Amino acid sequence: MKKTVKILAFLLALVSLFSLCACGSDNTATAAEVNIHDVKEQIISETGITGIMDIPTNALLNFYGIQHDDVSDSECFSTEGGVFPDEIIMVTTTGAEARDRVKEKVNNRLEGFLKQAKNYSPEDYKTASECEILICGDTVALFLSKNHAQMEDIFRKNCK
């Protein structure tokens with residue numbers, strides 16, 4: 001009987017150890033990756049948007065307050081025309097802490113857009129309020145567009 005209790009205690013300790021190891025592993029979506037260049041091309045192709053004006057990585061600080069050291073790659077652009085043109089922000093960051101900082105800056109942009117649109121264009125306000133900040137691994141994305149649902153879907157499908 002004592003031997004059985006010892007074996008059960010050992011097995012319980014072993015199961016607990018494996019459970020703790022599993023909790024410590026990082027199997028979340030942050031291990032995922034997305035090729036933002038492919039996403040951009042697919043968005044342009046599938047939505048038919050035109051008049052694209054690229055926002056280079058070295059301009060992200062001026063546009064969004066995103067520090068250059070937090071960025072490993074970016075695909076950001078807006079479209080010409082209209083009071084509220086499409087604005088696409090995809091930034092691959094240098095790690096989890098940088099991702100959190102960039103997400104905050106992108107959220108600030110969304111909040112600013114919402115404040116501006118609320119008093120100026122109820123239709124654009126409604127559209128922007130449906131937009132969400134997406135995360136795939138260390139990439140942060142926001143699609144401020146009437147086509148945001150289609151763009152978000154393209155981004156999600158490319159997140160692997």
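Residues numbered from 1 in each chain as written. Predicted model: local features only at pLDDT ≥ 70, side-chain atom pairs only at ≥ 80, totals over all residues. Heavy atoms only, no water.

(A) The overall build of the protein chain, seen in detail. The secondary structure content of the protein chain amounts to six helices and five strands. Each helix and strand of the protein chain, placed in order from N terminus to C terminus, yields the pattern α-α-β-α-β-β-α-α-β-β-α. When burial is assessed residue by residue, the protein chain has 38% of its 160 residues classed as buried. Relative to all contacts within the protein chain whose residues are 6 or more apart in sequence, the contacts with residues 24 or more apart total 56%. Total accessible area on the protein chain is roughly 9,600 Å²; 54% of this is exposed by carbon and sulfur atoms. (Helix = DSSP H or I, 4+ residues; strand = E, 2+ residues; numbered from the N terminus. Buried < 20%, exposed > 50% of the residue type's maximum accessible area, 1.4 Å probe, protein only. Contact = heavy atoms within 4.5 Å. Areas by Shrake-Rupley, 256 points an atom, 1.4 Å probe, with all protein chains shown as cover.)

(B) Geometry of the nonpolar core. Ranked by internal contacts, the top residues of the largest apolar core, which has 22 residues, are Leu60, Ile66, Ile89, Val91, Val106, Leu142 and Leu144. Contributions of two or more residues to this core are made by α3 (60-64), β2 (71-79), β3 (87-93), α4 (96-120) and β5 (139-144). Here this core takes six residues from α4, the largest share from any one element. Contacts of Leu144, omitting those with residues within four sequence positions, involve Pro85, Asp86, Glu87, Leu110, Phe113, Ala128 and Cys131. Listed in part, the 16 residues of the second largest apolar core include Val34, Met90, Leu134 and Phe155. (Core = buried A, V, L, I, M, F, W, Y, C linked by side-chain atoms within 4.5 Å.)

(C) Just the packing of α4 against helix α5 (residues 122-130), in detail. Closest axis-to-axis distance for the α4/α5 pair is 7 Å, and the angle between their directions is 150°. Between α4 and α5, the angle falls in the class roughly antiparallel. As for the relative orientation of α4 and α5, their crossing is left-handed in sense. Residues Leu110, Phe113, Leu114, Ala117, Lys118 and Tyr120 of α4 lie in contact with α5, whose contacting residues are Pro122, Asp124, Tyr125, Ala128 and Ser129. Among the residues making up the contact of α4 with α5, the classes are represented as eight nonpolar, one polar and two charged. (Axes fitted to C-alpha atoms, helices over the stretch in contact; angles between N-to-C directions. Parallel < 35°, antiparallel > 145°, perpendicular 65-115°, else oblique. Left-handed = near helix turned anticlockwise from the far one by under 90°. Nonpolar A, V, L, I, M, F, W, Y, C, P; charged D, E, K, R; others polar.)

(D) Main features of the sheet that holds strand β1 (residues 52-55). In spatial order, the strands read β1-β2-β3-β5-β4; together these five strands make up an open sheet with antiparallel pairing. Sheet topology places β1 and β4 (134-136) at the edges, where each strand pairs with a single neighbour. Neighbouring strand axes in the sheet, compared pairwise and without regard to direction, differ in orientation by 15° on average. Along the sheet, α4 makes contact with β3, β4 and β5, crossing β5 at roughly 10°. (Pairing = 2+ DSSP bridges.)

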